[in-house]
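What follows is each chain in one-letter form.
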Amino acid sequence: MEWHIPRSHPRYYSIIIRERLVKAFHEGIVVPQGLIAHGRGEAFDYILGETSHEFALEAERAAVALILLAKKPIISVNGNYASLASHEIVELSLETNAIIEVNLFYRTEDRIAKIEDLLRKAGAKNILGVNCEKTLIPGLESPRGIVCKDGIYSADVVLVAIEDGDRTQALKRIKKKVIAIDLNPFSRTAQSADITIVDEAIRATKNMVKIARELKGLDRRLLEQIVNSYDNRRILMDAFKTIRARLEEASSKGFILEAP
Ligand code: PTJ
């Protein structure tokens, strides 16, 4: 059933995004657990004021530089990320020559095919899914650890979004550089990634597309400077400080000026 959401609703955008996920759930792209994960993300985004803070933009810039420097960068896509940001993912992949790999926590071949199809319709050219040669990431129980041999398994840099913490840690163990988009800075993913983007996945990916257009003509040395001067601990500290400052403001006044 399709609901009519009036444009005048103060939370119009947020409700439209929910509708997108619910539709994707009915189509078998998003799992029910993905709807729960989205709610958790929304709560953090609400606290953060639903905006891309400076710490997120800095992480996004370093992430794009790292992707542009990589030999084989992969954008790992799950049900939530695909249904939220298929067009932005494709644009990022085209701007940076990154390969898209559909990689699922609740893995079925049927879901992989549907997500692949969704991304192809959005214009994806370089995509791995159902038809790749498979192998296993050590330390992740099958079938969650199944990846493409020519994709994540042989990548040097992997971007994950809206992911569980296990996968990031397993990728780190096999020496991948991991970039994670995760609104929850407390999460295991956020804590164990090399570059943690504490930002909403659609906003983050849009920002990264813009940044890629700016950075892709740059000399490698300048890209290396961006990556080498990046400090993920400081970025995480800034994210926590922002949460604290917003909670302090709210708890001292009983309201917050920039309420979403
Ligand atoms: O499609 P599948 O089978 O691969 O399953 C995907 C889910 C999302 C179900 C799976 O990866 C999962 O269970 O994830 P978690 O452990 O719930 O973690 C999701 C993390 O992403 C949480 O820390 C959320 O706060 C965060 N998150 C949720 N929505 C967004 C988000 N971060 C950025 N942007 C969002 N839109």
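Report follows, based on the coordinates. Owing to the predicted nature of the structure, the values given are computational and were not obtained by experimental measurement.

1. A few points about the overall build of the protein
Scanning the protein for helices and strands turns up 10 helices and eight strands. For the protein, whose C-alpha radius of gyration is 18 Å, the value lies close to the compact-globule estimate of 18 Å for 260 residues. Overall size of the protein, expressed as C-alpha extent along the three principal axes, is 55 × 50 × 35 Å. The burial tally for the protein puts 52% of its 260 residues in the buried class. Split by element, the accessible area of the protein, about 12,800 Å² in all, is 55% carbon and sulfur. Seen as two clouds, the 38 positive and the 36 negative side-chain charges of the protein have centres 2 Å apart.

2. Description of the site of the ligand
Around the ligand sit 23 residues, and of these Arg-40, Phe-105, Tyr-106, Arg-111 and Asp-182 come closest. Here an oxygen atom of the ligand sits 2.9 Å away from a polar atom, N or O, in the side chain of Arg-40. Here an oxygen atom of the ligand sits 2.7 Å away from a polar atom, N or O, in the main chain of Phe-105. The protein chains hide 94% of the 750 Å² of surface that the ligand would expose on its own.

3. Side note on the nonpolar core
Counting 62 residues, the largest nonpolar core has Tyr-81 and Leu-119 as its most contacted members. The greatest single-element share of this core, amounting to 11 residues, is contributed by helix 3 (residues 54-69). Apart from residues no more than four positions distant in its own chain, Leu-119 is found in contact with Val-77, Ser-86, Ile-89, Val-90, Ile-100, Val-102, Ala-124 and Ile-127. Among the nonpolar cores identified, the runner-up in size contains 17 residues, and Ile-99, Ile-137, Leu-171 and Ala-193 belong to it.

4. Looking at the sheet that holds strand 3 (residues 127-128)
The six strands lie next to each other as 3-2-1-6-7-8, forming an open sheet whose pairing is parallel. Both edges of this open sheet fall to strand 3 and strand 8 (195-197), since each of them pairs with a single strand only. By the bridge criterion, four bridges tie strand 1 (residues 73-77) to strand 2 (residues 99-102) in an arrangement that is parallel. Considered in strand 2, the bridge of Ser-76 is made with Glu-101. Helix-sheet contacts for helix 3 involve strand 1, strand 6 (157-161), strand 7 (177-181) and strand 8, and the interaxial angle to strand 8 is about 130°.

5. Describing unusual backbone geometry
Excluding glycine, most residues fall at negative phi; most peptide bonds, likewise, are trans. Here the phi dihedral of Ile-162 falls at roughly 50°; this positive angle occurs in a residue that is not glycine. If you trace the backbone, Ile-162 turns up in the loop between strand 6 and helix 6 (165-173). One non-glycine residue with positive phi stands out, namely Lys-175, at about 70°. Within the secondary structure, Lys-175 sits in the loop between helix 6 and strand 7.

6. Overview of the pairing of strand 7
Where burial is concerned, most of strand 7 is hidden: four out of the five residues are buried. Taken together, the five bridges between strand 6 and strand 7 define a ladder with parallel strand orientation. Opposite Ala-161, over in strand 7, you have Ile-181 as the bridge partner. Chirality of the crossover, the property in question, places the unit of strand 6, helix 6 and strand 7 among those that are right-handed. Strand direction decides the pairing type here: strand 7 and strand 8, joined by three bridges, are parallel. Within the sheet, the bridge partner assigned to Ile-181 lies in strand 8 and is Ile-197.

7. Concerning the packing of aromatic side chains
Under the criterion given, the structure shown has three aromatic pairs. With a centroid separation of 6.4 Å and 45° between ring planes, the pair formed by Phe-44 and Phe-186 is classed as tilted. Of this pair, Phe-44 sits in helix 2 (residues 32-48) while Phe-186 is found in the loop between strand 7 and helix 7 (188-192), placing the two residues 142 residues apart along the sequence. Accessibility expressed as a relative area gives 57% for Phe-186, which makes it exposed. A centroid spacing of 4.6 Å and a plane angle of 65° characterise the contact between Phe-105 and Tyr-106, whose relative ring orientation is edge-to-face. Since its relative accessible area comes to 36%, Tyr-106 is described here as partly exposed.

Conventions used here
- Residues numbered from 1 in each chain as written.
- Predicted model: local features only at pLDDT ≥ 70, side-chain atom pairs only at ≥ 80, totals over all residues.
- Heavy atoms only, no water.
- Helix = DSSP H or I, 4+ residues; strand = E, 2+ residues; numbered from the N terminus.
- Rg over C-alpha atoms; globule rule 2.2 N^0.38 Å.
- Buried < 20%, exposed > 50% of the residue type's maximum accessible area, 1.4 Å probe, protein only.
- Areas by Shrake-Rupley, 256 points an atom, 1.4 Å probe, with all protein chains shown as cover.
- Lys, Arg positive; Asp, Glu negative; His and termini not counted.
- Charge placed at Lys NZ, Arg CZ, Asp CG, Glu CD.
- Near = heavy atom within 4 Å.
- Polar contact = N/O pair within 3.5 Å; in protein donor to acceptor, adjacent residues only side chain to side chain.
- Core = buried A, V, L, I, M, F, W, Y, C linked by side-chain atoms within 4.5 Å.
- Contact = heavy atoms within 4.5 Å.
- Pairing = 2+ DSSP bridges.
- Axes fitted to C-alpha atoms, helices over the stretch in contact; angles between N-to-C directions.
- Right-handed = clockwise from strand over helix to strand, strands pointing away.
- Phe/Tyr/Trp six-rings, centres within 6.5 Å; stacked < 30°, edge-to-face > 60°.

Remember, this is a structural readout, not a statement about activity or role.
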